[in-house]
Amino acid sequence: METPRDRRATPGTAPMTGAVSLPMYDWPEIRDATDALWAAIRRQLTVSGIAAPRALDRRDDPEPLWTAPDLILSQTCGFPYANRLAGKVGLVGTPAYAVTGAEPGHYFSVLVARKDECPRDLSGLANRRFAFNMAHSQSGFAAPVRLLATGGFQSRPQPLETGAHRASIRAVAQRKADWAAIDVVTWQLARRHEPAAEELVVFATTPQTPALPLITSAGLADRACTIANAVEKAIAGLEAEVRDAVFLTGLARFTPADYAPLADILPVRQAFPGRAD
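Let me begin by describing the structure that accompanies this report. Model, not experiment: these values are computed from the prediction.

## Observations concerning the sheet that holds strand β12 (residues 248-252)
Then, number 1: An order of β1-β2-β11-β3-β12 is seen for the five strands of this open sheet, with the pairing classed as mixed. Each edge of the sheet is formed by a strand with only one pairing partner; in this case those strands are β1 (19-20) and β12.
Then, number 2: Bridge analysis of strand β2 (residues 71-75) against strand β11 (residues 214-217) gives two bridges, and the strand direction is antiparallel. By the bridge assignment for β11, Gln75 is matched with Leu214.
Then, number 3: Helix-sheet contacts for helix α7 (residues 224-236) involve β2, β3 (89-97), β11 and β12, and the interaxial angle to β12 is about 160°.

## Re the packing of aromatic side chains
Then, number 1: According to the stated counting rule, one finds seven aromatic pairs in the structure shown.
Then, number 2: Site record: aromatic cluster; members linked through ring pairs are Phe130, Phe132, Phe141 and Trp179.

## Section: the layout of surface pockets
Then, number 1: The space that makes up the largest pocket amounts to roughly 820 Å³.
Then, number 2: In this structure, the largest pocket is lined by 32 residues; those nearest its centre are Pro23, Met24, Pro62, Gly163 and Ala164.
Then, number 3: Of the residues that constitute the lining of the largest pocket, the class distribution is 14 nonpolar, eight polar and ten charged.
Then, number 4: In this structure, the second largest pocket occupies an estimated 170 Å³ of space.
Then, number 5: Around the second largest pocket sit Gln138, Ala143, Arg146, Leu147, Thr150, Thr206, Pro207, Gln208, Thr209, Pro261 and Leu262, which together line it.
Then, number 6: Of the residues contributing to the lining of the second largest pocket, the split by class is five nonpolar, five polar and one charged.

## Points about the environment of Glu29
Then, number 1: Of note, Glu29 is situated in the loop between β1 and α1 (31-47).
Then, number 2: For Glu29, a relative accessible area of 37% puts it in the partly exposed group.
Then, number 3: Put simply, Glu29 and Arg243 are 214 residues apart on the chain and 14 Å apart in space, counted from C-alpha to C-alpha.
Then, number 4: With near-sequence residues (within four places) excluded, Glu29 lies in contact with Arg166 and His193.
Then, number 5: Polar side-chain contacts of Glu29 include one of 2.7 Å to the side chain of Arg166.

## Brief notes about empty space enclosed by the protein
Then, number 1: Enumeration according to the criterion identifies one cavity of 30 Å³ or more in this entry.
Then, number 2: Here the largest cavity is characterised by a volume of approximately 200 Å³.
Then, number 3: Secondary structure elements with two or more residues in the lining of the largest cavity: α1, β3 and α7.
Then, number 4: Ranked by the residues each element gives to the lining of the largest cavity, the list is headed by α1, at three residues.
Then, number 5: The class makeup of the residues in the lining of the largest cavity is 13 nonpolar, two polar and one charged.

## Looking at unusual backbone geometry
Then, number 1: Its identity is not glycine, yet Arg175 carries a phi of approximately 65°, on the positive side.
Then, number 2: Its location among the elements puts Arg175 in the loop between α5 (165-173) and β8 (179-183).
Then, number 3: Notably, Phe247 is not glycine yet its phi reads approximately 65°, a positive angle.
Then, number 4: Along the polypeptide, Phe247 turns up in the loop between α8 (240-246) and β12.
Then, number 5: For Phe247, a relative accessible area of 6% puts it in the buried group.

## Some points on α1
Then, number 1: The terminal C-alpha atoms of α1 lie 25 Å apart, and with 17 residues this matches the ideal 24 Å at 1.5 Å per residue to within 8%.
Then, number 2: Residues of α1 that are buried: Ala33, Thr34, Leu37, Trp38, Ala40, Ile41, Arg42 and Leu45.
Then, number 3: Buried residues along α1 sit in contact with β1, β2, α7, α8 and β12.
Then, number 4: Phi turns positive one or two residues past the end of α1, at Gly49, with a value near 90°.

Procedures and definitions
- Residues numbered from 1 in each chain as written.
- Predicted model: local features only at pLDDT ≥ 70, side-chain atom pairs only at ≥ 80, totals over all residues.
- Heavy atoms only, no water.
- Pairing = 2+ DSSP bridges.
- Helix = DSSP H or I, 4+ residues; strand = E, 2+ residues; numbered from the N terminus.
- Contact = heavy atoms within 4.5 Å.
- Axes fitted to C-alpha atoms, helices over the stretch in contact; angles between N-to-C directions.
- Phe/Tyr/Trp six-rings, centres within 6.5 Å; stacked < 30°, edge-to-face > 60°.
- 1 Å grid on protein atoms, 1.4 Å probe; cavity = no way out; pocket = protein on both sides within 12 Å on 5 of 7 lines; lining within 4 Å.
- Points joined across faces, edges and corners; volume = space filled by probe spheres on them.
- Nonpolar A, V, L, I, M, F, W, Y, C, P; charged D, E, K, R; others polar.
- Buried < 20%, exposed > 50% of the residue type's maximum accessible area, 1.4 Å probe, protein only.
- Polar contact = N/O pair within 3.5 Å; in protein donor to acceptor, adjacent residues only side chain to side chain.
- Expected span 1.5 Å × (residues − 1).

Spatial relationships are all this shows, so hold off on functional conclusions.
Set out below in structure tokens:
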């Protein structure tokens, strides 16, 4: 049995401490592939002299880990990164996903509704209830808010907060809400693994933004490039079936300035006048 005393660093490596998570697309159906991805990243980190734990941290709420002083690697959303994490964590890079219509390292949201009650355009959303995962989600809330406000549209019924994109998909399918904005990578996962997605159809998309960034602690910010190189090599070496399961194609190297536009104040009351904030 391994004991703390046994976990000594080999020459040239840091002690095996720290925390890691890849929570944003870690659905149960692809958990083995996510573990394989992490194992590949960990091997490359070890080669680079950065020791990391074998297992991913899969706590129910991943957000406290984003600012943990011993964080080695995690993935956050662009909106919380731009609004409260930039300058407090190190930006490692942004995974590029096999998403039709998205530039490398970018993504967008698909607006979905039931096939039998699909609006023709955004103007048809005025009296339809919106399901969203959480208010600080770029893809689930910020992107559709900006899209509606820019077009001068409104969604008057009180929105329904579901806690997760998958729950929003189910809420629309079950007629608890009428439409939702879903991260396009999550939508691809849903089309493979979530039966409720079969009841829905895409009727609009939001503009592209940089996708969900990988981050490390402020203490490792000076090694963010080394960590990024390890991630990039790991992705390149993945077996085809693992790469397909997690939709990964590579890593984009964005800067904090690329995420800065996501920090704009949201016109929530203009787009959702019924929402009490």
